Amino acid sequence: MARRKATNAGKNGSGAKLGFEEKLWAAADKMRGHMDAAEYKHVALGLIFLKYISDAFQERYDALQKEPHADPEDRDEYTAENVFWVPREARWKALQDNAKQADIGKRVDLAMEAIEKENPSLKGVLPKDYARPTLDQTRLGELIDLIGTIELVYREDADLFDGKRDHRSKDLLGRVYEYFLGKFASAEGKAGGEFYTPESVVRLLVEMIEPYKGRVLDPCCGSGGMFVQSESFVEAHGGRKTDLSIFGQESNPTTWKLCRMNLAIRGIEANLGQVHADSFHNDQHKDLRADFILANPPFNVSDWGGDRLREDARWQHGPPPAGNANFAWVQHFLAHLGPKGVAGFVLANGSMSSNQSGEGEIRRRIVEADLVDCMIALPGQLFYTTGIPACLWFLARNKGNGKFRDRRGETLFIDARKLGHLVDRTHRELSAEEIARIARAYHAWRGEPDAGHYADVPGFCKAATLEEIAAHGFVLTPGRYVGAEDVEDDGEPFEVKIERLLEKLEGQFAECQALEGAIRDNLKGLGNAT
């Protein structure tokens, strides 16, 4: 397979083509003032999904009209091309023509029911509560009109998109969907953003483990961002979607449906289990051994029911504490990792150093089993859901499997805390160049032929032996290993520099005293005035 390092995805690394998406969000956002973000999210995303499958249907319909002897109303013509069959009453034009009607919510509900009835794979997935009294039907009609403008991407006079005719509506709507997911996660904040992992973090995970071909598992898959990015990675490197088999699980029923819609928009086939379910207590893929595991489990969950799983076979390195699920997740991932598998996942920073409730002992056993391939300390403010500092773990079942350099007895540490840039007042993002720099260091260290020569960089990356990790008490915090970054010598003698800095400090002390005196004088004036 032709390989190309570090896929570029957007000007700011978000993957979204900022411009028309922001305009669409800003216009639609006026609706959100009448309901909370968690509710509005499902109203808007359900309609975007409906718009997508209707557009895909119409594209096929128009093509069939041009074919001799073809019947555009023949259902089989669509299912043969993996296009959802959309009944007449559910087609977008039928809804938009009636967007101003008082019963538009009922019409949308009936459209959703009709689509589910005709497409069993969507059964029970689509939202069907647009007719509820609390949803303003006039504003719903306005939102339908707004989402209807997405089809204007091919019009030369459209101002929503600078697009070209080779942009397929599926790709465009996929980007809009992803963009909205991110915006909703930001709008909902800690209360509701658990369904979404910021794209720059997902891209870093995917670029690191390079899922070219095989089985991919995310046992806490949220809205499916890991799968979307994995498929994008494969296609960007010349592969096909069918090169990956996707397996996921999600315990939140609403998020499970959101994931299915998100993947359907992308045309991604996935096994998300028979039902929404808790991975610890109702594992939907018990016998699966994955080639790649990608995950962002919720941090530091205390009520995961660990006291009911004390003897579980997954705890090969020790029973995780009943009051924190972090190392239950780690061992769940290991239990599903194939003989040559690699796992990359997000955890709270505490997982790298905690010794509470046996966590340090579990970490020691995992390190001594030589399963830890790489650790990355992330910059702060990357996540919508938490302000807790986070890190990335990368586990390899067999570091000497012949696929890369034999790196048994070694672990790579990367300190990325100084990377990233603010995209708004409270959120940070890794750029495409920074993602490429981190991934390149890992790939070079693994000995990949086109990744260049690896060398430790003080302050950024360090390859450490198991003995060195043991000397640090099996703490995996990268800052302990990479040391301080080299500072360029400015040529100024030490004695001269100290004298200059002391003189500067004395001047600042004097300025401080003068300011204090001026403030006191002003305060006296205020006292006399009263």
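Keep in mind that what you see is a predicted model, and the values were worked out from it rather than measured. (Residues numbered from 1 in each chain as written. Predicted model: local features only at pLDDT ≥ 70, side-chain atom pairs only at ≥ 80, totals over all residues. Heavy atoms only, no water.)

Colleague: Whenever I open this one, the overall build of the protein confuses me. Can you help?
Modeller: Along the protein, the regular secondary structure elements total 16 helices and eleven strands. Evaluated residue by residue, the protein yields a buried proportion of 52% over its 530 residues. Restricting to contacts in the protein with at least 6 residues of sequence separation, those with at least 24 account for 71%. Accessible area of the protein: about 25200 Å², with a carbon and sulfur share of 49%. (Helix = DSSP H or I, 4+ residues; strand = E, 2+ residues; numbered from the N terminus. Buried < 20%, exposed > 50% of the residue type's maximum accessible area, 1.4 Å probe, protein only. Contact = heavy atoms within 4.5 Å. Areas by Shrake-Rupley, 256 points an atom, 1.4 Å probe, with all protein chains shown as cover.)

Colleague: Sorry if this is basic, but what is going on with the confidence of the model for the protein here?
Modeller: The predicted coordinates of low-pLDDT regions are not to be read in fine detail. Averaged over all residues, the pLDDT of the protein is 85; the fraction at 70 or higher stands at 84%. Confidence drops under a pLDDT of 50 for residues 1–18, and excluding neighbours within four residues, the segment shows 51 contacts in the predicted structure. This model gives residues 152–171 a pLDDT under 50, and the stretch forms 26 contacts once residues within four places in sequence are excluded. (pLDDT = per-residue confidence, 0-100.)

Colleague: Is there a simple way to explain helix H5 (residues 104–118) in this structure?
Modeller: Think of an α-helix as 3.6 residues a turn; residues three or four steps apart then line up on the same face. End to end, H5 covers 21 Å across 15 residues, agreeing with the expected 21 Å (1.5 Å per residue, within 8%). Residues of H5 that are buried include every one of Ile104, Gly105, Val108, Asp109, Ala111, Met112, Ala114, Ile115 and Glu116, and no others. (Expected span 1.5 Å × (residues − 1).)

Colleague: I would appreciate a short explanation of the pairing of strand E11 (residues 461–465) in the present structure.
Modeller: Regular strands show a simple pattern: their side chains alternate between the two faces of the sheet. Within E11, four of the five residues are buried, which leaves it mostly tucked inside the rest of the structure. Both strand E8 (residues 410–415) and E11 contribute to a ladder of five bridges, which runs antiparallel. Across the sheet, Phe413 pairs through a bridge with Lys462, a residue of E11. (Pairing = 2+ DSSP bridges.)

Colleague: I'm lost on the sheet that holds strand E6 (residues 372–377) in this one. Help?
Modeller: Strand pairing within a sheet occurs via backbone hydrogen bonds; the two strands may be parallel or antiparallel. The strand order E3-E2-E1-E4-E5-E7-E6-E8-E11 describes an open sheet built from nine strands, whose pairing is mixed. The two strands at the open ends of the sheet, each matched to only one other strand, are strand E3 (270–271) and E11. Taken strand by strand, helix H13 (residues 432–446) contacts strand E5 (337–348), E6, strand E7 (390–396), E8 and E11, and its axis lies near 165 degrees from that of E8. (Axes fitted to C-alpha atoms, helices over the stretch in contact; angles between N-to-C directions.)

Colleague: Any chance you could explain the environment of Trp329 here in plain terms?
Modeller: Structurally, Trp329 can be placed in helix H11 (residues 326–335). What makes Trp329 buried here is its relative accessible area of 7%. The spatial distance from the C-alpha of Trp329 to the C-alpha of Phe280 is 8.4 Å, given a sequence separation of 49 residues. In this structure, Trp329 is in contact with Pro219, Cys220, Ser279, Phe280, Pro297 and Pro298, ignoring residues within four places of it in sequence.

Colleague: Help me understand unusual backbone geometry in this model?
Modeller: Residues apart from glycine generally show negative phi values, whereas peptide bonds are mostly found in trans. One non-glycine residue with positive phi stands out, namely Asn300, at about 50 degrees. Take Asn300: it is sitting in the loop between strand E4 (290–295) and H11. On the basis of relative accessibility, which here comes to 31%, the residue Asn300 falls in the partly exposed class. Of note in the backbone geometry, Ser357 takes a positive phi value of approximately 55 degrees without being a glycine. Among the secondary structure elements, Ser357 is positioned in the loop between E5 and helix H12 (359–368). A relative accessible area of 57% places Ser357 in the exposed class.

Colleague: Teacher, can you tell me more about the environment of Ala114 here?
Modeller: Tracing the backbone shows Ala114 in helix H5. Accessibility expressed as a relative area gives 11% for Ala114, which makes it buried. Look past the residues within four positions of Ala114 in its chain and what remains in contact with it is Pro87 and Glu89.

Colleague: It is not clear to me how the nonpolar core should be interpreted in this structure. Could you clarify?
Modeller: Considering soluble globular proteins, one finds that nonpolar side chains tend to be buried as a cluster. If you look at the biggest cluster of nonpolar residues, it comprises 53 residues, and the most contacted ones within it are Met208, Ile376, Leu392, Phe394, Leu412, Ile414 and Ile438. Sequence-distant contacts of Ile438, defined by excluding residues within four places in its chain, comprise Leu204, Met208, Ile376, Ile414, Ala416, Leu419 and Phe460. In this structure, Tyr40, Leu64, Phe84 and Leu140 belong to the second largest nonpolar core, which totals 49 residues. (Core = buried A, V, L, I, M, F, W, Y, C linked by side-chain atoms within 4.5 Å.)

Colleague: So what exactly am I meant to see when it comes to the packing of helix H8 (residues 199–209) against H13 here?
Modeller: Angle between the axes and distance between the axes are the two parameters that describe a pair of packed helices. Taken N-terminus to C-terminus, the directions of H8 and H13 make an angle of 25 degrees; their axes are 9 Å apart at the nearest point. In terms of axis orientation, H8 runs roughly parallel to H13. Note that H8 runs across H13; the crossing there is right-handed. Between H8 and H13, the contacting residues are Ser200, Arg203, Leu204, Glu207, Met208 and Ile209 on the first element and Ala432, Ile435, Ile438, Ala439, Tyr442, His443 and Arg446 on the second. (Parallel < 35°, antiparallel > 145°, perpendicular 65-115°, else oblique. Left-handed = near helix turned anticlockwise from the far one by under 90°.)

Colleague: Looking at this model, I keep getting lost on the packing of aromatic side chains. Mind explaining?
Modeller: A full pass over the atoms with the stated rule returns 16 aromatic pairs. Look at Phe394 and Tyr442: their rings are 5.8 Å apart centre to centre, the planes differ by 35 degrees, and that puts the pair in the tilted class. Placement of Phe394 in strand E7 and of Tyr442 in helix H13 is noted, with a sequence separation of 48 residues between them. Between Arg91 and the ring centre of Trp85, over which it is positioned, the NZ or CZ distance is 5.6 Å. (Phe/Tyr/Trp six-rings, centres within 6.5 Å; stacked < 30°, edge-to-face > 60°. Lys NZ or Arg CZ within 6 Å of the ring centre and 35° of its normal.)

Colleague: Before we go on, may I ask you to explain the pattern of salt bridges in this structure?
Modeller: Taken as a whole and judged by the stated rule, the model has 25 salt bridges. Taken together, the salt bridges that share partners define one network made up of Glu361, Arg364, Arg365 and Glu368. (Salt bridge = Lys/Arg side-chain N within 4 Å of Asp/Glu carboxyl O.)

Colleague: Got a minute to help me understand the environment of Leu422 in this structure?
Modeller: Within the fold, Leu422 resides in strand E9 (residues 421–422). Between the C-alpha atoms of Leu422 and Gln381, which are 41 residues apart in sequence, the distance is 8.4 Å. With near-sequence residues (within four places) excluded, Leu422 lies in contact with Gln381, His427 and Arg428.

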